[in-house]
Amino acid sequence: HVEPRHLVAAAQQVERQKQLYAQQNTSLKNLQDAETQLALLRVTAPLSGTVTRVNVKPGQAVDLTTVVAVIMDLNRLAVSTEIPATDAGELKAGEELQVNESNFQPVNGQDAHSTTATVSFVSPSVDANNGTVMVRAALPADSGLRPGQFVPVRIVTAVHTNVLTAPEASVVTDINGQSVIALVNGDVAVQTPVQTGFRENGLVEIAEPGLKAGD
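Draft legend 1. Looking closely at the overall build of the protein. Along the protein, the regular secondary structure elements total 2 helices and 13 strands. For 215 residues, the compact-globule formula gives about 17 Å, and the C-alpha radius of gyration of the protein, at 30 Å, lies well above that figure. If one aligns the C-alpha atoms of the protein with their principal axes, the spans along those axes are about 105 × 35 × 30 Å. Going through the 215 residues of the protein one by one, you find that 22% of them count as buried. When contacts within the protein are restricted to residue pairs at least 6 apart in sequence, those whose partners lie at least 24 apart make up 49%. Taken as a whole, the protein presents about 15400 Å² of accessible surface, with 52% of it coming from carbon and sulfur. Computed over 14 positive and 22 negative side-chain charges, the separation of the two mean positions in the protein equals 18 Å.

Draft legend 2. Representation of the sheet that holds strand β7 (residues 153-154) in the model. The strand order β3-β6-β5-β4-β7 describes an open sheet built from 5 strands, whose pairing is antiparallel. The open sheet has two free edges, formed respectively by β3 (78-84) and β7, since each of these has just one partner strand. One ladder, built from 4 bridges, connects strand β5 (residues 114-122) with strand β6 (residues 132-138); its direction is antiparallel. For Val119, the partnering residue across the bridge sits in β6 and is Ala137.

Draft legend 3. Summary view of the pattern of salt bridges. On inspection of all chains with the given rule, the structure shows 5 salt bridges. The residue Lys29 makes a salt bridge to Asp33 at a minimum N-O spacing of 2.9 Å. Separated by 4 residues within a single helix, Lys29 and Asp33 lie in helix α2 (residues 28-41), roughly one turn from each other.

Draft legend 4. Structural detail: the environment of Leu41. One can find Leu41 in helix α2. For Leu41, a relative accessible area of 17% translates into the label buried.

Draft legend 5. Expanded view of the nonpolar core. Val79, Leu97, Val99, Ala117 and Leu139 are the most contacted members of the largest nonpolar core, which totals 14 residues. Contributions of two or more residues to this core are made by β3, β4 (96-100), β5 and β6. Take this core: its biggest share by element is 3 residues, from β6. Counting residues in each nonpolar core, the second largest holds 7 residues, with Ala166, Val171, Ile181 and Val194 among its members.

Draft legend 6. Expanded view of the sheet that holds strand β10 (residues 179-185). Across the sheet, which stays open at both edges, the 3 strands sit in the order β9-β10-β11 with antiparallel pairing between neighbours. Edge positions in the open sheet fall to β9 (172-173) and β11 (188-193), since each of these has one partner strand only. When β10 meets β11, the two strands line up antiparallel, connected through 6 bridges. Among the inter-strand pairings, Val180 is bridged to a residue of β11, identified as Pro193.

What counts, and at which threshold
Residues numbered from 1 in each chain as written. Predicted model: local features only at pLDDT ≥ 70, side-chain atom pairs only at ≥ 80, totals over all residues. Heavy atoms only, no water. Helix = DSSP H or I, 4+ residues; strand = E, 2+ residues; numbered from the N terminus. Rg over C-alpha atoms; globule rule 2.2 N^0.38 Å. Buried < 20%, exposed > 50% of the residue type's maximum accessible area, 1.4 Å probe, protein only. Contact = heavy atoms within 4.5 Å. Areas by Shrake-Rupley, 256 points an atom, 1.4 Å probe, with all protein chains shown as cover. Lys, Arg positive; Asp, Glu negative; His and termini not counted. Charge placed at Lys NZ, Arg CZ, Asp CG, Glu CD. Pairing = 2+ DSSP bridges. Salt bridge = Lys/Arg side-chain N within 4 Å of Asp/Glu carboxyl O. Core = buried A, V, L, I, M, F, W, Y, C linked by side-chain atoms within 4.5 Å.

Printed below as a string of structure tokens:
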């Protein structure tokens, strides 16, 4: 149970013992005991950083297991996210992850208000509750983000170019489990089987011989 007056008193006792020791009126052990008592009352941070949360109040009783405060190095932040286990197979440490600093929608796959992080950890285990894998990525020192902030992230594992896309809502599954679209020819709409690929921003990649842009 440490109060500010205890810390002041311990510091004053150290100074008094120093003066007495200089005058040879006390022992080295008494001085060392006073310094030890003062050290026990001080809470020293294990690293340089910024205090982001204080969990105790002056006068509150604490023990050796109490987390007194949270300190963060704001130049070494990381973003964590959970991704479906089915998408985690090809993701490895060192790959890039795009973090959007606002809720603006991406344009052409890029967001003017974004920063790039580097994947530093991909969990080897799957969360049985939701089938996801934990991923952490180190943010650059100038990211401008704050501890505890929620941000949308985007991980590009592969890029397909020169492909056809259709609105995601227009691709449905028929009774045979096949993905189909309603291909309109004049006044007639015919269900046409398609192969689907990537899905992003409300669009789905489709492929089928004979399909072309504008159909």
